[in-house]
Structure formats: C-alpha cells, structure tokens
Amino acid sequence: MDPVPTSIKLAAPGGVAITWNDGHQATYSYGYLRKQCPCATCRDKPPEVKTEPDPFPILGKGPIKVTGAAQIGHYAVQFNWNDGHATGIYSFSYLREICPCEQCRLKS
Ligand SMILES: [Zn+2]
Ligand SMILES: [Zn+2]
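Given the structure is predicted, the values throughout are model-derived calculations rather than measurements. Throughout, residues of each chain are indexed from 1 in the direction in which the sequence is written. Each chain gets a letter, beginning with A, and each ligand a number, beginning with 1, in the order they are written. Only residues with pLDDT of 70 or above have their local features reported here, since the model is predicted, and side-chain atom pairs are shown and tallied only from 80 upward, although totals for entire chains, interfaces and linings are computed over all residues. Values reported for side chains reflect all heavy atoms of the structure, with hydrogen atoms and water molecules removed beforehand.

Novice: Account for the coordination of the zinc ion (ligand 2), naming residues and giving values.
Specialist: Listed donors are limited to N, O and S atoms within 2.8 Å of the metal, widened to 3.2 Å for Na, K and Ca; water is not among them, so incomplete-looking sites are possible. Bound to the zinc ion (ligand 2) are the protein donor atoms H24 (NE2), C99 (SG), C101 (SG) and C104 (SG), situated 2.0 to 2.3 Å from the metal. For a four-donor site, all angles between 85 and 135 degrees give tetrahedral; for four or six donors, opposite pairs above 155 degrees with the remaining angles between 65 and 115 give square planar or octahedral; all remaining cases count as irregular. Viewed at the metal, the four donor atoms of the zinc ion (ligand 2) are separated by angles of 102 to 118°, and the geometry they form is tetrahedral. The sequence motif formed by the donor residues of the zinc ion (ligand 2) is H-x74-C-x1-C-x2-C. Of this pair, H24 sits in the loop between β2 (15-20) and β3 (25-28) while C99 sits in the loop between α3 (92-97) and α4 (102-107), and the two are 75 residues apart along the sequence. For C99, a relative accessible area of 0% corresponds to the buried category. A run of H or I in DSSP counts as a helix once it spans at least four residues, and a run of E counts as a strand once it spans at least two, with each numbered from the N terminus. Only protein chains enter the accessibility calculation, which uses a 1.4 Å probe; a residue whose area is less than 20% of its type maximum is buried, one above 50% is exposed, and one in between is partly exposed.

Novice: With reference to specific residues and values, describe the pattern of salt bridges.
Specialist: The working definition used for a salt bridge is a side-chain nitrogen of Lys or Arg within 4 Å of a carboxyl oxygen of Asp or Glu. This structure, assessed with the given rule, holds two salt bridges. Across the pair R34 and D83 runs a salt bridge, and its minimum N-O distance is 2.9 Å. With R34 in helix α1 (residues 30-35) and D83 in the loop between β5 (76-81) and β6 (89-91), this pair connects stretches of sequence that are 49 residues apart. Classification of R34 by relative accessible area gives buried; the value is 5%.

Novice: If you had to explain the packing of aromatic side chains to someone new, which residues and values would you point to?
Specialist: Here is the rule: rings of Phe, Tyr and Trp (six-membered ring for Trp) pair when centre to centre is within 6.5 Å. Planes less than 30 degrees apart are stacked, more than 60 are edge-to-face, and the remainder are tilted. For the coordinates displayed, the defined rule picks out three aromatic pairs. For the ring pair F79 and W81, a centre distance of 6.1 Å and an interplane angle of 55° mean the geometry is tilted. Overall, the relative accessible area of 1% leaves F79 in the buried class. A residue is classified by how much of its surface remains accessible, and W81, at 4% relative accessible area, is buried. For the pair Y90 and Y94, a centre-to-centre distance of 6.2 Å together with 50° between the ring planes defines the contact as tilted.

Next up, the structure:
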C-alpha cells in the first residue's frame, strides 16, 4: 500500500509539514514544493519562485507561500500559492517521492 499523509500542516515552521501513516515525517519548504509543481505549465517551463523577502515589500508579494490546500479524492492534494498559482495536483505518491528529508534523499 502506498503511504498516505495523516496530517498536512500548511504553516509549519519552515514550510509544509507532512506526517505519513507509516510514521514518516518531513517539512517541505515552500520554495521547494512550488518548484516541484507537477502541473503541465510548470513542467513545461519551470516557475520563477521567489524565496527571498522582497527588498521593497510594497512593490512585491513577498516570498512564496502556501495560502490554502484542498484534498483531491483519496489520492492527492492541491495547493494554492500566493503567486496566484493553484493548478498543481500533488498526488500522495508524488509528494512522498519528492520528500526532501535526508533519509529519502540518500535513497534516491
Ligand atoms: Zn504548476
Ligand atoms: Zn523522507
């Protein structure tokens, strides 16, 4: 059986924190997660992702951030971003695949 998240915290320190039903846990930074967006547009042309605070915050929107999320069926989650993007549907297996923790990075 594929692992499924038991909890997704959108505003954890450092990004989105996901706990899996097999006990695994990891925090995905917003910039990382946004760059991994699996939608056709972003796969075609990697998004420009702002991860640093704007030196002139009044002109910009600030660094990338998740503003909301919706679960899609029993297999995926869709994130809404503060850059207006919301078409990326991250399947649970994809999220697990891109897990940024050291343990998973060493495996791949
Ligand atoms: Zn996208
Ligand atoms: Zn991991």
